[in-house]
Amino acid sequence: MKPVTASACVLFAIAIAIETVVWITFLRGLKSRHPQQWMHAAQPARWHDRTVLSARSTMLYLLTREFMGSIDEAGARYCSRYRAILLLAYWCTVGAGIAAVVALAVES
């Protein structure tokens, strides 16, 4: 494996790890501090059964600003506070994944 390809794959793994930590931190805080907002986001009562792939639904909730439609003002502020970092982590992961796939395809 070429150094560029290896670097792209390592970067992708790091991006996934960072996104996961930020996402789990957000969901734990949302569930414990803002249960009304949690329900508004249509999160399951037992989120530990979810996979990282379901982060997409959380990202769409934040991207489209659906959280603003909640009656829980504190919960909406919480979502607003985390919105930028979650979306940044999500899109960095997508970009790193594309870079890794391109690097692997070019190497072949």
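Residues numbered from 1 in each chain as written. Predicted model: local features only at pLDDT ≥ 70, side-chain atom pairs only at ≥ 80, totals over all residues. Heavy atoms only, no water.

(A) Broad picture of unusual backbone geometry. With a phi angle near 60 degrees, Arg-65 is a residue other than glycine that sits in the positive phi range. Assignment of secondary structure puts Arg-65 in the loop between helix H3 (55-63) and helix H4 (73-107). (Helix = DSSP H or I, 4+ residues; strand = E, 2+ residues; numbered from the N terminus.)

(B) A look at the packing of H3 against H4. Taken N-terminus to C-terminus, the directions of H3 and H4 make an angle of 125 degrees; their axes are 9 Å apart at the nearest point. It follows that H3 is oblique to H4 by the angle criterion. For the pair H3 and H4, the crossing hand works out as left-handed. Of the residues in H4, those in contact with Arg-56, Met-59, Tyr-61, Leu-62 and Leu-63 of H3 are Cys-79, Arg-83, Leu-86, Leu-87 and Tyr-90. Of the residues contributing to the contact of H3 with H4, the split by class is 8 nonpolar, no polar and 2 charged. (Axes fitted to C-alpha atoms, helices over the stretch in contact; angles between N-to-C directions. Parallel < 35°, antiparallel > 145°, perpendicular 65-115°, else oblique. Left-handed = near helix turned anticlockwise from the far one by under 90°. Contact = heavy atoms within 4.5 Å. Nonpolar A, V, L, I, M, F, W, Y, C, P; charged D, E, K, R; others polar.)

(C) Structural view of the nonpolar core. By size, the foremost hydrophobic cluster in this structure holds 18 residues, and its most contacted members are Phe-26, Leu-62, Cys-79 and Leu-86. At the level of secondary structure, the elements contributing two or more residues to this core comprise helix H1 (3-33), H3 and H4. At 6 residues, the largest contribution of residues to this core is made by H4. Excluding anything up to four places from it in sequence, Cys-79 contacts Phe-26, Leu-30, Gln-37, Tyr-61, Leu-62 and Phe-67. (Core = buried A, V, L, I, M, F, W, Y, C linked by side-chain atoms within 4.5 Å. Buried < 20%, exposed > 50% of the residue type's maximum accessible area, 1.4 Å probe, protein only.)

(D) Region of interest: a nonpolar patch on the surface. Together, Trp-91, Val-94, Ile-98, Val-102 and Val-106 make up a nonpolar patch on the protein surface, roughly 490 Å² of accessible area in all. Along the chain, the position of Val-102 falls in helix H4. (Patch = residues over 30% accessible without salt bridge, like charges linked within 9 Å, V, L, I, M, F, W, Y side chains within 5 Å. Areas by Shrake-Rupley, 256 points an atom, 1.4 Å probe, with all protein chains shown as cover. Salt bridge = Lys/Arg side-chain N within 4 Å of Asp/Glu carboxyl O.)

(E) Seen up close, the environment of Leu-30. Along the chain, the position of Leu-30 falls in helix H1. Between the alpha carbons of Leu-30 and Gly-75 there is a distance of 7.3 Å; along the sequence they are 45 residues apart. Residue contacts for Leu-30: discarding those within four places in its chain leaves Pro-35, Gln-37, Trp-38, Tyr-78 and Cys-79.

(F) Up close: H4. The first and last C-alpha atoms of H4 sit 51 Å apart over 35 residues, in line with the 51 Å expected at 1.5 Å per residue. At Arg-83, H4 shows its strongest bend, of approximately 40 degrees. The backbone nitrogen of Ala-74 lies 3.3 Å from a side-chain oxygen of the residue at the head of H4, namely Asp-72. (Expected span 1.5 Å × (residues − 1). Bend = angle between axes of the 7 residues up to and from the residue. Polar contact = N/O pair within 3.5 Å; in protein donor to acceptor, adjacent residues only side chain to side chain.)

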